[in-house]
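# Coordinate inspection notes
Take a look at the letters that make up each chain.
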Amino acid sequence: MAGRRAVDNGTVEAFLSVLDQYHGRLSQRALAQALGQPEFRMRGILVALQRLLSVEGYQVIAIDEATETIELNRPLLAKQFQLPSCLQ
């Protein structure tokens, strides 16, 4: 459902975990290193993650092209996926 370049569960878990460690905001280069991915693959991974996590078009993952920063909107993620309050 996420498209032809769907990401596996391990990548999704690692992505959320890394961004959580950095308070939801991290440079694309640092994120690639943390995920063990080459930087040139990050665009495809981020697009797949946006498709997967952005329910009904709400932007859970924002990509600032100018600063190459990735930002996770954790409260919106929790609301969309009805996560328990202890995980918000």
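Note that this is a predicted model, so its numbers are computed, not measured. (Residues numbered from 1 in each chain as written. Predicted model: local features only at pLDDT ≥ 70, side-chain atom pairs only at ≥ 80, totals over all residues. Heavy atoms only, no water.)

In this section: helix H3 (residues 42–53). Spanning 12 residues, H3 covers 16 Å between terminal C-alpha atoms, matching the ideal 16 Å at 1.5 Å per step. Buried within H3 we find Met 42, Ile 45, Leu 46, Ala 48, Leu 49, Gln 50 and Leu 53. Turning to H3, the residues buried within the fold contact helix H1 (9–21), helix H2 (28–35), strand S2 (61–64), strand S3 (69–72) and helix H4 (74–80). (Helix = DSSP H or I, 4+ residues; strand = E, 2+ residues; numbered from the N terminus. Expected span 1.5 Å × (residues − 1). Buried < 20%, exposed > 50% of the residue type's maximum accessible area, 1.4 Å probe, protein only. Contact = heavy atoms within 4.5 Å.)

Moving on, we get to unusual backbone geometry. Although it is not a glycine, His 23 adopts a positive phi angle of roughly 55 degrees. Mapping His 23 onto the fold places it in the loop between H1 and strand S1 (25–27). His 23 sits in the exposed class, given a relative accessible area of 77%.

A separate point is the pairing of S2. Along S2, the buried face is formed by Ile 61 and Ile 63; none of Ala 62 and Asp 64, which line the opposite face, is buried. Looking at chain direction, S2 and S3 are connected through four bridges and run antiparallel. Within S3, the residue paired with Ala 62 across the bridge is Glu 71. Between S2 and the antiparallel strand that follows it, S3, lie four residues; Glu 68 among them carries a positive phi value of about 55 degrees. (Pairing = 2+ DSSP bridges.)

Turning next to the pairing of S3. Pairing of S1 with S3 involves three bridges; the strand directions are antiparallel. By the bridge assignment for S3, Ser 27 is matched with Thr 69.

This brings us to the packing of H2 against H3. Where H2 contacts H3, the axes come no closer than 11 Å and their chain directions differ by 90 degrees. Looking at the two axes, H2 sits roughly perpendicular to H3. Residues Gln 28, Leu 31, Ala 32 and Leu 35 of H2 touch H3, and the partners they reach there are Met 42, Arg 43 and Leu 46. Broken down by class, the residue content of the contact of H2 with H3 amounts to five nonpolar, one polar and one charged. (Axes fitted to C-alpha atoms, helices over the stretch in contact; angles between N-to-C directions. Parallel < 35°, antiparallel > 145°, perpendicular 65-115°, else oblique. Nonpolar A, V, L, I, M, F, W, Y, C, P; charged D, E, K, R; others polar.)

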